[in-house]
Amino acid sequence: QVLLRDSGGGLVQPGGSLRLSCASIGRVVYTGTVGWFRQAPGTEREFVAAINWPGSRTDYADSLKGRFTISRDNAKIRVYLQMNNLKPEDTAIYYCGSTGNDNLSRSGSDYPYWGQGTQVTVSS
């Protein structure tokens, strides 16, 4: 059963921006930490950013601070990842996940609920 739907990926030139969206199907999944992870070909899934419920705390991968911003719109039951100044090395499939609790975790194993992924390609 799909409980999260991520969208907003696409092809963008270096230096461009994209905003990814993660929509929750169920409230139990949404009222918990939501995180974004990414996976490039031949690599393991890596942590990008996370935000707790209802959005008072955030966490970012150190290498992405200042370029990526995670936020949530609780009225729309959505979590967003704003990505600015994109680089070719940001190319990956981006996944949103939910812990189902308030733990602000960087470990993918703490996220039992996942979206299907959205492809982000940064290329000129």
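Below or above, wherever it landed, is the structure these notes cover. On a predicted model such as this, the values are computed, not experimentally measured, just so you know.

Scoring rules and cut-offs
Residues numbered from 1 in each chain as written. Predicted model: local features only at pLDDT ≥ 70, side-chain atom pairs only at ≥ 80, totals over all residues. Heavy atoms only, no water. Pairing = 2+ DSSP bridges. Helix = DSSP H or I, 4+ residues; strand = E, 2+ residues; numbered from the N terminus. Axes fitted to C-alpha atoms, helices over the stretch in contact; angles between N-to-C directions. Disulfide = S-S within 2.5 Å. Buried < 20%, exposed > 50% of the residue type's maximum accessible area, 1.4 Å probe, protein only. Polar contact = N/O pair within 3.5 Å; in protein donor to acceptor, adjacent residues only side chain to side chain. Core = buried A, V, L, I, M, F, W, Y, C linked by side-chain atoms within 4.5 Å. Phe/Tyr/Trp six-rings, centres within 6.5 Å; stacked < 30°, edge-to-face > 60°. Salt bridge = Lys/Arg side-chain N within 4 Å of Asp/Glu carboxyl O.

**Structural notes on the sheet that holds strand S1 (residues 4–7)**
Move 1: Strand order across the open sheet formed by 4 strands is S1-S3-S8-S7, with antiparallel pairing between neighbours. The outermost strands of the open sheet, each flanked by one partner alone, are S1 and strand S7 (68–73). Strand-to-strand, the axes of this sheet are offset by a mean angle of 15 degrees, without reference to chain direction.
Move 2: Judged from the 6 bridges that link them, S7 and strand S8 (residues 78–83) form a sheet pairing that is antiparallel.

**Re the state of the cysteines**
Move 1: Tallied over the entire structure, the rule returns 1 disulfide.
Move 2: Two residues, Cys22 and Cys96, share a disulfide whose sulfurs are 2.1 Å apart. The chirality of the disulfide connecting Cys22 with Cys96 is right-handed, given an S-S dihedral of about 70 degrees. You can see Cys22 sitting in strand S3 (residues 18–24) and its partner Cys96 sitting in strand S9 (residues 92–98), a full 74 residues away along the chain.
Move 3: Of the residues examined, Cys96 reaches a relative accessible area of 0% and is grouped as buried.

**Some words on the environment of Ser98**
Move 1: Take Ser98: it is sitting in strand S9.
Move 2: Between the C-alpha atoms of Ser98 and Thr33, which are 65 residues apart in sequence, the distance is 5.7 Å.
Move 3: Side-chain polar atoms of Ser98 contact the backbone nitrogen of Gly100, separated by 3.2 Å.

**Some details on the pairing of S7**
Move 1: Burial along S7 is one-sided: the face carrying Phe68, Ile70 and Arg72 is buried and the face carrying Thr69, Ser71 and Asp73 is not.
Move 2: The turn linking S7 back onto S8 is made up of 4 residues, and Ile77 within it adopts a positive phi angle of 55 degrees.

**So, the nonpolar core**
Move 1: The biggest cluster of nonpolar side chains holds 29 residues, and the ones touching the most others in it are Trp36, Leu81, Met83 and Tyr94.
Move 2: Elements that contribute at least two residues to this core include exactly S3, strand S4 (34–39), strand S5 (46–51), S7, S8, S9 and strand S11 (118–122).
Move 3: Per element, the largest residue contribution to this core is 5 residues, and it comes from S5.

**Considerations on the packing of aromatic side chains**
Move 1: Using the criterion set out here, one finds 4 aromatic pairs in the structure.
Move 2: Aromatic pair Phe37 and Phe47: ring centres 5.6 Å apart, planes at 75 degrees, arrangement edge-to-face. Taken as a pair, Phe37 in strand S4 and Phe47 in strand S5 lie far apart in primary sequence, 10 residues in all.
Move 3: When its relative accessible area of 2% is taken as the criterion, Phe37 is described as buried.

**What to know about the pattern of salt bridges**
Move 1: Counting across every chain of the model gives 7 salt bridges.
Move 2: A salt bridge links Arg57 to Asp102, with the shortest nitrogen-to-oxygen separation between them at 3.2 Å. Residue Arg57 is located in the loop between S5 and strand S6 (58–60), and its partner Asp102 is located in the loop between S9 and strand S10 (113–114); the two are separated by 45 residues in the primary sequence.
Move 3: Taking relative accessible area as the criterion, Arg57 reaches 37% and is therefore assigned partly exposed.
Move 4: Residue class for Asp102 comes out partly exposed when judged on its relative accessible area of 37%.
Move 5: Note that Arg67 is salt-bridged to Asp90, the shortest N-O span being 2.8 Å. You can see Arg67 sitting in the loop between S6 and S7 and its partner Asp90 sitting in the loop between S8 and S9, a full 23 residues away along the chain. Both residues of the pair, Arg67 and Asp90, belong to the buried class.
Move 6: Connected through salt bridges with shared partners, the residues Arg38, Glu46, Arg67 and Asp90 form a single ionic network.

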